[in-house]
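Chains, contacts and geometry: an overview
Spelled out, the chains give:
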Amino acid sequence: MSHRKRSTALALASALAGPAVLLAAPAAHAAVVDVAYACVTPIGDKSAVSPIDIKAVKDGAGYKLTMSFQKGVSSSPVELGKGAMSPSAVIQVAGAEKATVAVTGPPNPEAVPANTPIKITDLSGTYTPKKSGKVTFTAGVLTIKALGTTTTCTPGNGPGPSLELDVTGPGGGAPEAPEALPQTGPTDSALALGTLGATVLLAGAAGVLWLTRRGQRARS
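**Regarding the overall build of the protein**
A tally of regular secondary structure across the protein gives two helices and 10 strands. Ordering the α and β elements of the protein from the N terminus gives α-β-β-β-β-β-β-β-β-β-β-α. Looking at the 220 residues of the protein, the share that counts as buried comes to 27%. Contacts in the protein between residues far apart in sequence, at least 24 positions, make up 68% of those at least 6 positions apart. On the protein, roughly 14100 Å² of surface is accessible, and the fraction owed to carbon and sulfur atoms is 61%.

**Thoughts on the environment of A28**
Looking at the secondary structure, you find A28 in strand β1 (residues 28–30). Separated by 138 residues in the primary sequence, A28 and D166 have C-alpha atoms spaced 6.5 Å apart. If near-sequence neighbours (up to four positions away) are discounted, A28 is found in contact with E164 and L165.

**With respect to the environment of V167**
Note on placement: V167 falls in strand β10 (residues 163–167). By relative accessible area, V167 is classed as buried at 4%. Once the C-alpha coordinates of V167 and K131 are considered, the two residues, 36 residues apart in sequence, prove to be 7.8 Å apart. Residues in contact with V167, not counting those within four places in the same chain, are Y63, Y127, P129, K131, S132, G133 and V135.

**Comments concerning the state of the cysteines**
Applying the stated criterion across every chain, the model contains one disulfide. There is a disulfide in this structure between C39 and C153, and the S-S distance comes to 2.1 Å. Here the disulfide of C39 and C153 is right-handed, its torsion about the S-S bond being about 110°. With C39 in strand β2 (residues 33–41) and C153 in strand β9 (residues 149–155), this pair connects stretches of sequence that are 114 residues apart. Side by side, C39 and C153 carry an identical accessibility label, which is buried.

**Re the nonpolar core**
In terms of nonpolar packing, the biggest core is built from 33 residues, with Y37, M67, I120, Y127, F137 and L142 touching the most fellow members. Secondary structure elements with two or more residues in this core: β2, β3 (44–59), β4 (62–69), β5 (85–95), β6 (99–104), β7 (123–127), β8 (133–146) and β10. L142 has contacts with Y37, F69, V73, S88, A89, I120, L123, T151, T152 and C153, leaving out every residue within four places of it along the chain.

**Regarding the pattern of salt bridges**
Applying the stated criterion across every chain, the model contains two salt bridges. K55 is paired through a salt bridge with D53; the nearest N and O atoms lie 2.3 Å apart. Accessibility expressed as a relative area gives 49% for K55, which makes it partly exposed. D53 gets classed as buried once you look at its relative accessible area, which sits at 10%. Between D166 and K134 there is a salt bridge; the shortest N-O distance is 3.1 Å. A residue pair is termed long-range when its members are at least 10 positions apart, and D166 in strand β10 and K134 in strand β8 qualify at 32 residues.

**Here we look at the environment of P51**
For P51, the location among the structural elements is in strand β3. Exposure remark for P51: the relative accessible area of 12% places this residue in the buried category.

Conventions and cut-offs
Residues numbered from 1 in each chain as written. Predicted model: local features only at pLDDT ≥ 70, side-chain atom pairs only at ≥ 80, totals over all residues. Heavy atoms only, no water. Helix = DSSP H or I, 4+ residues; strand = E, 2+ residues; numbered from the N terminus. Buried < 20%, exposed > 50% of the residue type's maximum accessible area, 1.4 Å probe, protein only. Contact = heavy atoms within 4.5 Å. Areas by Shrake-Rupley, 256 points an atom, 1.4 Å probe, with all protein chains shown as cover. Disulfide = S-S within 2.5 Å. Core = buried A, V, L, I, M, F, W, Y, C linked by side-chain atoms within 4.5 Å. Salt bridge = Lys/Arg side-chain N within 4 Å of Asp/Glu carboxyl O.

Written out as structure tokens, the structure is:
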């Protein structure tokens with residue numbers, strides 16, 4: 001194959017492959033966001049920064065969200081035994097609609113030493129959109145329950161969203177159906193032809209009657 005023909009073939013292949021690459025691109029944008037938590041604990045106020053990652057996986061009519069903490073937050077003055085701590089949080093949804101999604105996770109799988117940042121297990125929950133469009137997911141309030149106490153950690157730095165996603169609500173976001181227009185299908189056409197036929201028939205009968213009467217007058 002000549003150099004010119006080979007170049008032409010490569011150009012055509014690139015042009016054909018281009019749209020396929022664009023079609024395969026995901027309609028989502030994710031980022032790990034540093035969240036500065038201000039925590040109110042039974043032993044006083046504490047603060048900690050943890051990078052937060054939020055992922056979404058399509059699950060039926062909704063999306064399964066997973067919120068991951070890459071660093072520990074808060075701490076305990078005493079050791080927390082295995083399974084002693086239960087975490088939960090709220091994810092804020094904004095954009096096409098505003099909502100909150102509750103996410104929860106399993107208790108700590110291992111003991112947490114005293115005065116050590118508490119590593120939060122992955123939290124998950126389900127988001128079912130009511131509208132179609134672009135929405136964002138941002139870390140909200142984190143709650144830690146341990147040894148009969150509750151610690152509440154609130155993002156204090158106005159973090160940006162960890163995930164931006166195009167979602168589909170009920171009905172796929174299809175526009176509302178327009179009002180029904182007057183029917184002009186076969187049924188109406190048949191009715192129109194029937195009416196026209198009846199009119200012609202009546203006119204013909206009237207003509208025959210008129211001619212009959214005229215003939216009778218002529219013979220009298």
